[in-house]
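# Per-entry structural report
Below, each chain spelled out in residue letters.
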Amino acid sequence: SATADQTGTLELGGSSGLTVNGNSFVDKHTFLDTFTTGQIVELSVTGIQNHPYHQHVNHFQITTMSATDSTYFQVGDWMDTVFDSSDDLTIRFYTDKFTGRMVVHCHILQHEDQGMMGLWYVNGTEGAEYS
């Protein structure tokens, strides 16, 4: 498989409570990270045993997860939401075509409403694709 252009971590919850990467949602101008169109982003995701992760705009592919997991989700699946009984998950997604804000959040409405969400920002050329 292709090498990721950008890598990072995404922590849902943890010791900081209902947060994403230790922060509650601030405003539409505060970003968790910035990516560029036409790239592959790979994230190590933690906290999904208690908080289903949902990502708008670009679906992600599950690339690694606990070998003992027996839930619906499997390595290779393309999803926009994932919930796993383990805490060992890596995802990849293409930042194709769209520039601007990309919402990510816990898919439990009460958690999202209490600030468990954030924004990625995708810059670059509108319409650019990974090649």
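Treat the numbers as computed from the prediction; the structure is a model and nothing was measured.

## A few points about the environment of T34
Inspection of the secondary structure puts T34 in strand β2 (residues 33–36). Distance from T34 to Q6, taken between C-alpha atoms, is 9.7 Å for residues 28 residues apart in sequence. Ignoring anything within four residues of it in the chain, the contact list for T34 reads Q6, Y121 and N123.

## A closer look at the sheet that holds strand β8 (residues 89–94)
If you walk across this open sheet you meet the five strands as β1-β3-β8-β5-β6, and the pairing is mixed. A single partner strand is all that each edge strand has here, and the edge strands are β1 (6–11) and β6 (78–79). Where β1 lies against strand β3 (residues 40–46), six bridges are found, and the strand directions are parallel. Within β3, the residue paired with Q6 across the bridge is V41.

## Let's talk about the sheet that holds strand β10 (residues 117–123)
Pairing is mixed across the open sheet formed by five strands, whose spatial order is β2-β10-β9-β4-β7. Of all the strands in the sheet, just β2 and β7 (81–82) have a single pairing partner and so form its edges.

## Regarding the packing of aromatic side chains
Tallying each qualifying case throughout the model produces seven aromatic pairs. Plain terms: the ring middles of F35 and W120 are 5.1 Å apart, the flat faces sit at 55 degrees to each other, and that makes the pair tilted. Taken together, the residues span a long stretch of sequence, with F35 in strand β2 and W120 in strand β10 at a distance of 85 residues. Under the relative-accessibility criterion, W120 is labelled buried at 1%. With a centroid separation of 5.3 Å and an interplanar angle of 80 degrees, the aromatic rings of Y72 and F73 are classed as edge-to-face. A network of ring pairs unites the aromatic residues F35, F93 and W120 as a single cluster.

What counts and what doesn't
Within each chain, residue numbers correspond to sequence positions counted from 1 in written order. Only residues with pLDDT of at least 70 get local features here, since the model is predicted, and only at 80 or more are side-chain atom pairs given and counted; chain-wide, interface and lining totals rely on the full set of residues. In computing side-chain values, all of the structure's heavy atoms are included and hydrogens and water are not. Helix and strand assignments follow DSSP, with helices taken as H or I runs no shorter than four residues and strands as E runs no shorter than two, numbered in order from the N terminus. Any pair of residues with heavy atoms lying within 4.5 Å of one another is described as a contacting pair. By the convention used here, strands pair only if DSSP detects at least 2 bridges between them. Centre distance within 6.5 Å is the pairing criterion for rings of Phe, Tyr and Trp, where only the six-membered ring of Trp is used; planes under 30 degrees apart are then read as stacked, over 60 as edge-to-face, and the remainder as tilted. Each residue's exposure class comes from its accessible area (1.4 Å probe, protein chains only) as a fraction of the maximum for that residue type: buried when under 20%, exposed when over 50%, partly exposed otherwise.

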